[in-house]
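Structural overview for review
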Amino acid sequence: MGEILHSVKLDIDKCIGCTDCIKRCPTEAIRVRNGKAHIMDERCIDCGMCIRVCRNHAKKAVTEPLDKINDYAYKVAIPAPTLYTQFRNIVNPNIVLTALKKLGFDEVFEVAKAAEIITAESKRLLDDKNMPKPVISSACPAIVRLIQIRFPSLIPNILPIISPKEAMARYAKEYLMGIGIKKEDIGVFFISPCAAKVTNSKQPQVIEESYVDGVISLKEIYLKLVPVIKTIDQPERLQMSNSEGIGWAHTGGEGNASGIENHIAVDGIENVIKILEKVENGKLDDVDFIECLACVGGCLGGPLAVENAFVSSNRMDKIKKFNKNNLYKRDIPLFDHPIDMYWTKPLKTKQVLKLDDDMEKAIEKLEHLEEIYNQLPKIDCGSCGAPTCRALAEDIVCENAHIEDCVFMLREKVRDMAEQMVTLSQKMPPSISKDS
Ligand code: SF4
Ligand code: SF4
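Treat the numbers as computed from the prediction; the structure is a model and nothing was measured.

Rules used in this analysis
Residues numbered from 1 in each chain as written. Chains lettered and ligands numbered in written order. Predicted model: local features only at pLDDT ≥ 70, side-chain atom pairs only at ≥ 80, totals over all residues. Heavy atoms only, no water. Helix = DSSP H or I, 4+ residues; strand = E, 2+ residues; numbered from the N terminus. Buried < 20%, exposed > 50% of the residue type's maximum accessible area, 1.4 Å probe, protein only. Contact = heavy atoms within 4.5 Å. Lys, Arg positive; Asp, Glu negative; His and termini not counted. Charge placed at Lys NZ, Arg CZ, Asp CG, Glu CD. UniProt positions renumbered as here; feature names shortened; annotations may be inferred. Near = heavy atom within 4 Å. Nonpolar A, V, L, I, M, F, W, Y, C, P; charged D, E, K, R; others polar. Pairing = 2+ DSSP bridges. Axes fitted to C-alpha atoms, helices over the stretch in contact; angles between N-to-C directions. Parallel < 35°, antiparallel > 145°, perpendicular 65-115°, else oblique. Left-handed = near helix turned anticlockwise from the far one by under 90°. Salt bridge = Lys/Arg side-chain N within 4 Å of Asp/Glu carboxyl O. Phe/Tyr/Trp six-rings, centres within 6.5 Å; stacked < 30°, edge-to-face > 60°. Domains from an automatic or database assignment. Buried area = accessible area lost by both parts, 1.4 Å probe. Polar contact = N/O pair within 3.5 Å; in protein donor to acceptor, adjacent residues only side chain to side chain. Right-handed = clockwise from strand over helix to strand, strands pointing away.

Summing up its helical and strand segments, the chain has 14 helices and 11 strands in all. Along the three orthogonal principal directions, the C-alpha set of the chain runs to about 100 × 50 × 40 Å. Expressed as a percentage of the 436 residues in the chain, the buried residues total 54%. Of the contacts made within the chain by residues no fewer than 6 positions apart, 79% connect residues no fewer than 24 positions apart. Within the chain, the 62 negative side-chain charges are centred at a point lying 5 Å from the centre of the 58 positive side-chain charges.

Written out as C-alpha cells, the structure is:
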C-alpha cells in the first residue's frame, strides 16, 4: 500500500506545542518536535481523540464541503442516525430527512435502515460455530485499526461484514441505476459524526473500493440544516428505519438490535483497550459478542457531532419512542437488488512498532533501546515531546530524537559540562590565568 490517507490533520499555525495531545493518543502516534505536533501516519487510527483534547483547535478532520455534491447530477445523502439527535425538540426523523433534500440532495437514504439489514446478516454469522469467541463488531473503523496495530491476534475475531454506511451506499447505487440513472451521475455522500469513517471511505482496507463518493462533516451540515428545519411544516415521508437501526448510534445499540444476550458493549478508547487486553489473554471466551466503540457514547460522541453525547442519548430515547408509536414509513423497493455484505480482502496486521526489517539489527536496537530507557527518569512527563520515556527511547534508537530532548538528561549534561569547565579553568596555564 502507498501513502496512508488520514482525515485527522494538524493545523500547524494553531499548534502551540503544548503536548496535551501526545498522552491521550491511544497508539502513541503524536510527537511534538520543534514546538509543533506531528502525527505519525502509520500509527494513527483516526480515533479523533486529539481533536477533542486540543484546546487550540489545531487538530481537525478533513471532510468534503457541501458544495462538492454539485459535481454530480444526482445527489444522494446517506445520514448517520446521530444526525437525528442533534436538534432540540425534533423527534421525527422525516423532518431532518426532508431538510436534507431542501439543502440540495435529490434523494435521502438512511444508514439506520442498512444497520437493520446488517444486524440480520450478523446474527446469521454469529451462529457460525467456526468464528472464534468472542466475536468483535466491525462497526467502528477506529477499533478495527486499533486491533490491526495493537491486538493483531484478534483479527480473526472481527465480524467480516461491511459497515451500514457502505451497505447503504451500495443499495443506493444499485437501486438508482436500476431505475435508469447513470452510475457516473450518482454521488453518494455520507453525513458523518466520525473522523475514522472519513478515512475508511477514502481508503477501505477490506473491500476493493467504497461506493461512498464523499463524506460531509455532521458539524458543517448542522449549521445549514438549522434554518431549513424551521421552515418545514409537512415533512415528506422518507424514513425507512425503525428504532433498532437508529439505536446503532448509541453504545449497546448493535448488540441490543441483534438480540444477543451474552454480549459486552464498551465505549471510550481507554476502556476498549482494557477489554481487548482481556480478550487477548483468553479471559472473555465465555462472551459471545463484543461491541467496541472508540467514542464515549458511541457514534453520538463522535468528534464531528455538535451536541454533547449525553444530551444526544436523551434525545435518542425520545426519537426511539416516537418511532415505536408513529410509523410514517416510506415504501420503496430499495433492497430488491442484493448486495455483497462481506469483506472481499483480508484485514492485514500492521507492524508499526518494528525497529528494523532485519531481525538481527532489530534485536540489537531493542537492546540499545532498553539501555537508553534505563537511563531515562521513567516518569513519562511528556516534556520531551514523546508520550512516554519508552517512546522517547524508541525514537532515539530510530534516530528521530536525541537523549538531550529529555530535560532531566539535558540538565545532567549541562551540570557535567559546568563541572568540566570549572576543572579546566583551574588548569589554566599561568600565562593566561587571572590570578597570575
Ligand atoms: S494539544 Fe497537541 S495539537 Fe493542540 S496545541 Fe497542544 S501540541 Fe499542538
Ligand atoms: S486521531 Fe487518534 S490515533 Fe490519530 S493522532 Fe489523533 S489521537 Fe492519535
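Let's shift gears to the UniProt feature "domain: 4Fe-4S" (unreviewed entry) in the chain. As recorded in UniProt, the sites labelled "domain: 4Fe-4S" (unreviewed entry) are residues 364-423. Along residues 364-423 one finds 63% helix and 0% strand; the C-alpha atoms at either end are 37 Å apart.

Taken together, 13 residues surround ligand 2, and among them C25, C44, C47, G48 and C50 come closest. Within the shell around ligand 2, the residues separate by chemical class into 10 nonpolar, 2 polar and 1 charged.

Let us look at the site of ligand 1. Taken together, 14 residues sit near ligand 1, with C15, C18, C21, C54 and N56 positioned nearest. Split into classes, the residues belonging to the shell around ligand 1 amount to 9 nonpolar, 3 polar and 2 charged.

A few words on the sheet that holds strand 7 (residues 135-136). In space, the 3 strands of this open sheet follow the order 7-11-10, with parallel pairing throughout. For this open sheet the edge positions go to strand 7 and strand 10 (263-267), each flanked by a neighbour on one side alone. Bridge count for strand 7 against strand 11 (residues 289-293) is 2 bridges, and the pairing is parallel. In the strand pairing of strand 11, I136 is matched with I290.

Glancing now at the packing of helix 4 (residues 141-150) against helix 10 (residues 269-280). Two elements in contact, helix 4 and helix 10, have axes whose closest approach is 12 Å; the angle formed by their N-to-C orientations is 50 degrees. In terms of orientation, helix 4 and helix 10 fall into the oblique class. In this structure, helix 4 meets helix 10 at a crossing whose hand is right-handed. Residues I143, L146, I147 and R150 of helix 4 pack against I269, V272, I273, L276, E277 and E280 of helix 10. Among the residues making up the contact of helix 4 with helix 10, the classes are represented as 7 nonpolar, no polar and 3 charged.

So, about the side chain of E254. In this structure, E254 sits in helix 9 (residues 253-258). In this structure, E254 is buried with no salt-bridge partner, the nearest side chain bearing the opposite charge being K197 at 9.5 Å. Leaving out residues up to four positions away in the same chain, E254 has contacts with S137, A139, L159, W248, F289 and E291.

Before going further, it helps to examine the packing of aromatic side chains. One pass over the structure, following the stated rule, counts 4 aromatic pairs. For the pair F87 and Y222, a centre-to-centre distance of 5.2 Å together with 20 degrees between the ring planes defines the contact as stacked. Linking F87 in the loop between strand 5 (74-79) and helix 2 (93-102) with Y222 in helix 7 (residues 218-229), this pair joins segments that are 135 residues apart in sequence. Taking relative accessible area as the criterion, F87 reaches 5% and is therefore assigned buried.

Residue K133 is joined to P134 through a cis peptide bond whose omega torsion reads -5 degrees. Inspection of the secondary structure assignment puts P134 in the loop between helix 3 (111-126) and strand 7. Positive phi, close to 50 degrees, is recorded for E28, a residue that is not glycine. Within the secondary structure layout, E28 lies in the loop between strand 1 (8-10) and strand 2 (30-33). When its relative accessible area of 26% is taken as the criterion, E28 is described as partly exposed.

One can read the domain layout of the chain as domain 1 (8-61), domain 2 (66-325) and domain 3 (359-426). For domain 1 and domain 3, the distance between their C-alpha centroids amounts to 23 Å. Contacts between domain 1 and domain 3 engage 9 residues on the former and 15 residues on the latter. Surface buried jointly by domain 1 and domain 3 totals about 850 Å² across both partners, of which 39% is contributed by carbon and sulfur atoms. When residues of domain 1 are sorted by the area they lose upon contact with domain 3, K23, R31 and R33 head the list and together hold 53% of the total. The closest approach of N and O atoms between E394 and R43, which form a salt bridge, is 2.5 Å. Remark: the boundary between domain 1 and domain 3 carries 8 residue pairs in polar contact (both at pLDDT 80 or more).

For the rest of this paragraph, the subject is the sheet that holds strand 8 (residues 186-192). Strand order in the open sheet formed by 4 strands is 6-5-8-9, with parallel pairing between adjacent strands. In this open sheet, the two strands that pair with only one neighbour each are strand 6 (107-108) and strand 9 (214-217). Sheet topology note: the strand 5/strand 8 ladder contains 6 bridges and is parallel. Bridge pairing in strand 8 places A77 opposite F189.

Burial analysis of strand 5 places 6 of its 6 residues in the buried class, the great majority of the element. Bridge count for strand 5 against strand 6 is 2 bridges, and the pairing is parallel. By the bridge assignment for strand 6, A77 is matched with V108. Taken together, strand 5, helix 2 and strand 6 form a β-α-β motif whose crossover is right-handed.

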